[in-house]
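Per-entry structural report
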Amino acid sequence: MPKFAANLSMMYTEHEFLERFTAAAADGFQAVEYLFPYAYAATELRRRLDDHGLQQVLFNAPPGDWDAGERGLAAVPGREREFRDGIELALEYAAALGSPRVHVMAGTVPAEEGSGDRDRRLAVYEANLAWAASRAAAVGVDVLIEPINGRDMPGYFLGRQDQAHAIVQRIGAANLKVQLDLYHCQISEGDLTMTLRRDLPTGRVGHLQVAGVPDRHEPDEGELNIQHLFATVDGLGFDGWIGCEYRPRRGTSEGLGWLRSVNSTVSEGVSA
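These numbers were taken from a predicted model, which means no experiment stands behind them.

If you check which residues of helix α2 (residues 42-51) are buried, you get Ala 42, Leu 45, Arg 48 and Leu 49. Down the axis of α2, the smallest arc covering the buried residues is 125°, so these residues share one side. Where the residues of α2 are buried, they touch α1 (20-26), β2 (31-33), β3 (55-60) and α3 (80-97). Among the residues trailing α2, Gly 53 stands out with phi positive, at a value near 60°.

Next up, the structure:
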C-alpha cells in the first residue's frame, strides 16, 4: 500500500513551520519531508517529530545561496569545498532526525555554456556525488539525485530520468539513488507508467514525489490519473515513501480528499 509523506515546505503553509508537524499528524500523516532544516536546531525538529510520532524521510542538502537563485552545488566547478561542508552538515542533521535519505541538488547552468562546459560539470558532479555517497554510506544514509523540469527551474543541470540512472550506474554506489518526482517527469518526459515499470524494479529509485500537473496543486487536479499511477507503484512492490510536494489550492486539510480516496481504493483492492 502506498505510503505518503507530507511535504512541510509546501503543505500546511497556513501555519508557522514548526506548527506544521502538528497539523500533518492531525491529518493522519506518519511521515514528513521538507526542503531544508537548517534554520532550526536539529534538537527542536527532533522534538516535533517525536511529539507527534512522525518519521523524517527526506530533506535537501544545503543548496548554496538559495535566496540568490542558487539551486545546488554538486555540478558547480570551484565550489567543491563548500559542497563537502554542506554534505557534512546535512549528515549531522540526518543523524539527529533519523532521516535515511538526503537529496543533493546539482545546480543550474548558464544558457551560454557549451558542451565542453557541460562535460566539465558532469565530471565535477560525479566526483562530488561519489564522495557524498561514500560519506553517507558510513552513517547509513542514502544520497538522492532528482531530475527537475526546466519550466519550474530553468537551466537545472539534471533534467531526465535516463540521465540520472546512467549517473547512478556509472558511480556504482549502493546508497546513491534517484528521486522520481512524477510532477517533474510528466512535464519533462511524460510516459509515467512506462517509466515506473522500467525504473522501479531496478532498485535505483529511492523516493517518489507527486503533485498535480500542470499547476502543482493537489495531485488529483490536472492531467495525472493518480489512482492508476499509485496502483502501478503498489503493483510493482515499491515499499518506499511518496512525498506530497504540492501547493494546496485551498486549505491543506480541506484538499486531502484525494488521499482518503486513494487509501480507500487501495485498501479495498487489498481486502478483495
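For Arg 197, the position within the fold is in helix α7 (residues 192-199). Of the residues examined, Arg 197 reaches a relative accessible area of 48% and is grouped as partly exposed.

What follows covers the pairing of β3. Of all six residues that make up β3, five are buried, and the element is covered over most of its length. When β2 meets β3, the two strands line up parallel, connected through three bridges. Counterpart to Val 32 in the pairing with β3 is Gln 56. Note on the crossover from β2 through α2 to β3: the handedness is right-handed. Each parallel crossover has a hand, and the one from β3 via α3 to strand β4 (residues 101-103) is right-handed.

Cut-offs applied
Residues numbered from 1 in each chain as written. Predicted model: local features only at pLDDT ≥ 70, side-chain atom pairs only at ≥ 80, totals over all residues. Heavy atoms only, no water. Buried < 20%, exposed > 50% of the residue type's maximum accessible area, 1.4 Å probe, protein only. Helix = DSSP H or I, 4+ residues; strand = E, 2+ residues; numbered from the N terminus. Arc of directions from axis to C-beta. Contact = heavy atoms within 4.5 Å. Pairing = 2+ DSSP bridges. Right-handed = clockwise from strand over helix to strand, strands pointing away.

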